[in-house]
Amino acid sequence: MRVFVADHPLITHKLTVLRDVKTPQPTFRLLIEELMTLLAYEATREVRVEPHEIQTPVAPTTGVRLSEPLPLVVPILRAGLGMLEGMVKLIPTAEVGFLGMVRDEETLQPTTYAERLPESLAGRQCFVLDPMLATGGSLAGAIEFLFARGADDVTAICVLGTPEGVEAIREAAGDREVTLVLGALDDGLDEHAYIVPGLGDAGDRLYGTAQ
């Protein structure tokens, strides 16, 4: 598994504002979108392309375009939705699927409660969006789900992660093609499995506490 932790002053600055408990919800949403676009730039470094001939105003030339099947972007509901717009701004032709996963607060194990994905992901590069990599259970479950559908290359993009979460994803990945892109690697987890110092519950700060 490849792991990339962003090291850029703009990302660190935006993360600082995100972490602040005083940051209002509209600003939080905007910053998540902006951060996602910055992280997506790194996450798509190995996106598959093919040669494409075009005519410029001056002369013919050969560039590239995204290969088919097109990349599939998969936000994990609900917090991953906050990252979706920032991703599709960078690759607007990508297709989008949805995966609903919830963590049992007693066992900390994930369960899938909804999915909207193609029956076959054979040959697909998949980009999974999940703001918080805490224990790694939900993201590992999502990655396993995508490989079971036939995906052959999965990149997970998270705003924050922990060493425990990274190791969980590394174990789940095995020898498969998995890349993990993080905005920052935090210290670890508290007794309630929340990221420390973290930024709180990303879903609640994006959308409120309505059930």
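As the structure is a computational prediction, the values presented were derived from the model and not from experiment.

(A) Quick look at the overall build of the chain. A count of helices and strands for the chain gives 6 helices and 13 strands. In summary, the chain has a C-alpha radius of gyration of 17 Å against a globular reference of 17 Å for 211 residues, a match within 12%. If one aligns the C-alpha atoms of the chain with their principal axes, the spans along those axes are about 60 × 35 × 30 Å. Expressed as a percentage of its 211 residues, the buried residues of the chain come to 45%. In the chain, 70% of the contacts between residues at least 6 apart in sequence involve partners at least 24 apart. Summed over its atoms, the accessible surface of the chain is roughly 10,800 Å², and 54% of this surface lies on carbon and sulfur atoms. If you average the places of the 17 positive and of the 31 negative side-chain charges in the chain, the two averages end up 5 Å apart.

(B) Molecular detail of the UniProt feature "binding site: 5-phospho-alpha-D-ribose 1-diphosphate" (unreviewed entry) in the chain. With numbering aligned to this structure, UniProt lists the feature "binding site: 5-phospho-alpha-D-ribose 1-diphosphate" (unreviewed entry) at R78, R103, D130, P131, M132, L133, A134, T135, G136, G137, S138 and D201. Structurally, the position occupied by T135 is in the loop between β9 (132-133) and α4 (137-148). Its relative accessible area of 23% is what places T135 among the partly exposed residues. In terms of polar contacts, T135 uses its side chain to reach the backbone amide nitrogen of G137, at 3.3 Å.

(C) Looking closely at the pattern of salt bridges. Summed over all chains, the structure comprises 13 salt bridges. Ionic pairing is found between R19 and D186, a salt bridge with its closest N-O pair at 2.8 Å. Of the two residues, R19 sits in helix α1 (residues 9-19) while D186 sits in the loop between β11 (178-185) and β12 (188-189), which places them 167 residues apart along the sequence. One network of salt bridges, with partners in common, ties together R48, D152 and D153.

(D) Quick peek at the pairing of strand β4 (residues 72-77). Within β4, 5 of the 6 residues are buried, which leaves it mostly tucked inside the rest of the structure. Alignment of β4 against strand β5 (residues 95-96), held across 2 bridges, turns out to be parallel. Each residue of the ladder has a partner; that of L72, found in β5, is E95. As for the winding sense of the linkage, the β-α-β connection from β4 through helix α3 (residues 81-90) to β5 is right-handed.

(E) The arrangement of the side chain of T162 in detail. Among the structural elements, T162 can be located in the loop between β10 (153-161) and α5 (163-173). What T162 contacts, discounting residues up to four positions off in sequence, is L133, A134, L185, D186, G188, L189 and I195.

What counts, and where the lines are drawn
- Along each chain, numbering runs from 1 in the same order as the chain's sequence is written.
- Reporting in this predicted model follows two pLDDT cut-offs: at least 70 for local features of residues, and 80 or more for side-chain atom pairs to be given and counted; totals over whole chains, interfaces and linings ignore these cut-offs and use all residues.
- Note: side-chain values were computed over all heavy atoms of the structure, leaving out hydrogens and water.
- Secondary structure follows DSSP: runs of H or I at least 4 residues long count as helices, runs of E at least 2 residues long count as strands, and numbering of each begins at the N terminus.
- All radius of gyration figures rest on C-alpha atoms, and the globule criterion is 2.2 Å times the number of residues raised to 0.38.
- Burial classes: relative accessible area under 20% of the type maximum marks a residue as buried, over 50% as exposed, and values in between as partly exposed (1.4 Å probe, protein chains only).
- Here a residue-residue contact requires only that any non-hydrogen atoms of the pair lie within 4.5 Å.
- Surface accessibility in these figures is a Shrake-Rupley result with a 1.4 Å probe; residues are shielded only by whichever protein chains are displayed.
- By the counting rule applied here, Lys and Arg register as positive and Asp and Glu as negative, while His and the ends of each chain are not counted.
- Note that the charge is assigned to NZ on lysines, CZ on arginines, CG on aspartates and CD on glutamates.
- UniProt positions are given in the numbering used here, feature names are shortened, and annotations may be inferred rather than shown by experiment.
- Polar contact criterion, stated in full: a pair of N or O atoms within 3.5 Å, where within protein one must be able to donate a hydrogen and the other to accept it, and residues adjacent in sequence count only if both atoms are side-chain atoms.
- Salt bridges are identified by distance alone: a Lys or Arg side-chain nitrogen within 4 Å of an Asp or Glu carboxyl oxygen.
- One bridge is not enough; two strands pair if DSSP finds at least two bridges between them.
- The handedness rule is simple: strands pointing away from the viewer, and a clockwise path from the first strand over the helix to the second, make the crossover right-handed.

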